[in-house]
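In case you want the letters, here they are:
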Amino acid sequence: MIVGRLLAGVGIGISSAIVPLYISEISPTEIRGALGSVNQLFICIGILAALIAGLPLAANPLWWRTMFGVAVIPSVLLAIGMGFSPESPRWLVQQGKLTQAEKAIKTLYGKEKVVELVRDLSNSGQGTSEPEAGWFDLFSSRYWKVVSVGAALFLFQQLAGINAVVYYSTSVFRSAGIESDVAASALVGASNVFGTAVASSLMDKMGRKSLLLTSFGGMALSMLLLSLSFTWKALAAYSGTLAVVGTVLYVLSFSLGAGPVPALLLPEIFASRIRAKAVALSLGMHWISNFVIGLYFLSVVTKFGISSVYLGFAGVCVLAVMYIAGNVVETKGRSLEEIELALTSGA
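Residues numbered from 1 in each chain as written. Predicted model: local features only at pLDDT ≥ 70, side-chain atom pairs only at ≥ 80, totals over all residues. Heavy atoms only, no water.

Per an unreviewed UniProt entry, the recorded name for the protein is Major facilitator superfamily (MFS) profile domain-containing protein, and the organism is Brassica cretica. As stated in UniProt under Subcellular location (unreviewed entry), the record for the protein gives "Membrane". According to the UniProt record, the Sequence similarities (unreviewed entry) comment for the protein is "Belongs to the major facilitator superfamily. Sugar transporter (TC 2.A.1.1) family." (UniProt positions renumbered as here; feature names shortened; annotations may be inferred.)

Here it is as structure tokens:
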């Protein structure tokens, strides 16, 4: 069991870093945001499907073996599917493999785009002799600012309390008279799916930065509502209902921007020579902060009370809005090469 969980964790860690990077590099500029958020949408659908797959467990304790067995199906399908998928043309040009890059471009965009895209990728500097950056280069003055933005987005994403809200949602729903933990989890999962679907349609219209600001702003207000529902005596008669509303609004707000945007934005803002390592570093921050929140959340709630903790999360969301407004660039409608040039020149 431990070895299996370790292997599954390694696989999830690798895919969480590579998939957003791969999608951003093969996607046409005009729909890159939508395709990136579709990845997050199907992650949410997968979580909801996993919750549904666990429904028979209450009546049949041996069902857990079947649950794990079912997980083999998407894993095998992904492995087979990637076997037929083309390599990233940007990476191939960067490695000087122009013939393979032309073949990948033909598969992705059609033969009429081959000459144009190979020329654009080569002219943008993707094919220069500048070596791939080392880990210490990420902390150099040349790259540190943009790398810190990537790490900060994932840090804010986790410290804003999404996992804490999910962990505590069953207790919140019980206070409103919803006794079924599965029903509570399913409602949270469905809200996440719905919000991410909306984000997919807005990503290339509103832009990444606008969605992040809207998302963290909505999360702050939802956390404030949750905090007041537990402490304000004037609302005592409606506390359960308000807590449920606050939880659902929080998950909806999260799924509009804070959930899908960071993984999409990072490969867009990182220069080609640091892209892989910088994405890995930022996602490492994601998993570390995720682990810390999961480890200490209940202890902090016991010491300070859930209302104070939710108020703290609201404060983090406000800080995130201020940070994003001052440090995050809009990437909507720009190619990866244009974004890299703009950031390099300080635009």
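Next, the rest of the story.
Peer 1: It is not clear to me how the overall build of the protein should be interpreted in this structure. Could you clarify?
Peer 2: Helices and strands together make up the secondary structure of the protein, namely 16 helices and 0 strands. Here the protein, with 347 residues, has 41% of them falling under the buried criterion. (Helix = DSSP H or I, 4+ residues; strand = E, 2+ residues; numbered from the N terminus. Buried < 20%, exposed > 50% of the residue type's maximum accessible area, 1.4 Å probe, protein only.)

Peer 1: Looking at this structure, how should I read the environment of glycine 54?
Peer 2: One can find glycine 54 in the loop between helix H2 (32-53) and helix H3 (63-70). The sequence separation of glycine 54 and methionine 67 amounts to 13 residues, and the corresponding C-alpha distance is 6.9 Å. The residues contacting glycine 54, other than those within four sequence positions of it, are Trp63 and Met67. (Contact = heavy atoms within 4.5 Å.)

Peer 1: Can you help me understand the packing of aromatic side chains in this one?
Peer 2: Aromatic rings considered in pairs are described by the distance between their centres and by the relative angle of their planes. For the coordinates displayed, the defined rule picks out 4 aromatic pairs. Measuring from centroid to centroid gives 5.8 Å for tryptophan 64 and phenylalanine 68, while their planes differ by 75°, and the two rings are edge-to-face. Residue tryptophan 64 and its partner phenylalanine 68 are both found in helix H3; the two are separated by 4 residues, about one turn of the helix. Its guanidinium or amino end placed over the ring of tryptophan 135, lysine 277 lies 5.9 Å from that ring's centre, counting from NZ or CZ. (Phe/Tyr/Trp six-rings, centres within 6.5 Å; stacked < 30°, edge-to-face > 60°. Lys NZ or Arg CZ within 6 Å of the ring centre and 35° of its normal.)

Peer 1: Looking at this structure, I do not really get the packing of helix H8 (residues 144-159) against helix H14 (residues 275-304). What am I missing?
Peer 2: A pair of packed helices is characterised by two quantities: the angle between their axes and the separation of those axes. Where H8 meets H14, the closest approach of the two axes is 8 Å, and the angle between their N-to-C directions is 25°. For the element pair H8 / H14, the angle class is roughly parallel. By crossing handedness, the relation of H8 to H14 is classed as right-handed. Contact residues: H8 offers Val147, Gly150, Ala151, Phe154, Leu155, Gln157, Gln158 and Leu159, while H14 offers Ala278, Leu281, Ser282, Leu283, Met285, His286, Ser289, Asn290 and Ile293. In terms of residue class, the contact of H8 with H14 is built from 10 nonpolar, 7 polar and no charged. (Axes fitted to C-alpha atoms, helices over the stretch in contact; angles between N-to-C directions. Parallel < 35°, antiparallel > 145°, perpendicular 65-115°, else oblique. Left-handed = near helix turned anticlockwise from the far one by under 90°. Nonpolar A, V, L, I, M, F, W, Y, C, P; charged D, E, K, R; others polar.)

Peer 1: I tried to follow the packing of helix H11 (residues 208-231) against helix H12 (residues 239-258) on my own but got confused; where do I start?
Peer 2: The interhelical angle for the contact between H11 and H12, taken along N-to-C directions, is 165°, at an axis separation of 8 Å. When the axis of H11 is compared with that of H12, the two are roughly antiparallel. As H11 runs across H12, the sense of the crossing is left-handed. Classifying every residue of the contact of H11 with H12 by side-chain character gives 16 nonpolar, 9 polar and no charged.

Peer 1: I tried to follow the nonpolar core on my own but got confused; where do I start?
Peer 2: A general feature of soluble globular proteins is that nonpolar side chains tend to end up buried together. Judged by nonpolar contacts, the single largest core of 58 residues is most densely connected at Phe216, Phe270 and Ile274. Elements supplying a minimum of two residues to this core: H8, helix H9 (162-175), helix H10 (181-206), H11, H12, helix H13 (261-269), H14 and helix H15 (306-327). Among the elements that take part in this core, H15 stands out by supplying 9 residues, more than any other. If we skip the residues at most four places from it in the chain, phenylalanine 216 touches Phe156, Gln157, Ala160, Ala258, Cys317, Ala320, Val321 and Ile324. Listed in part, the 8 residues of the second largest apolar core include Leu92, Ile105, Val118 and Leu121. (Core = buried A, V, L, I, M, F, W, Y, C linked by side-chain atoms within 4.5 Å.)

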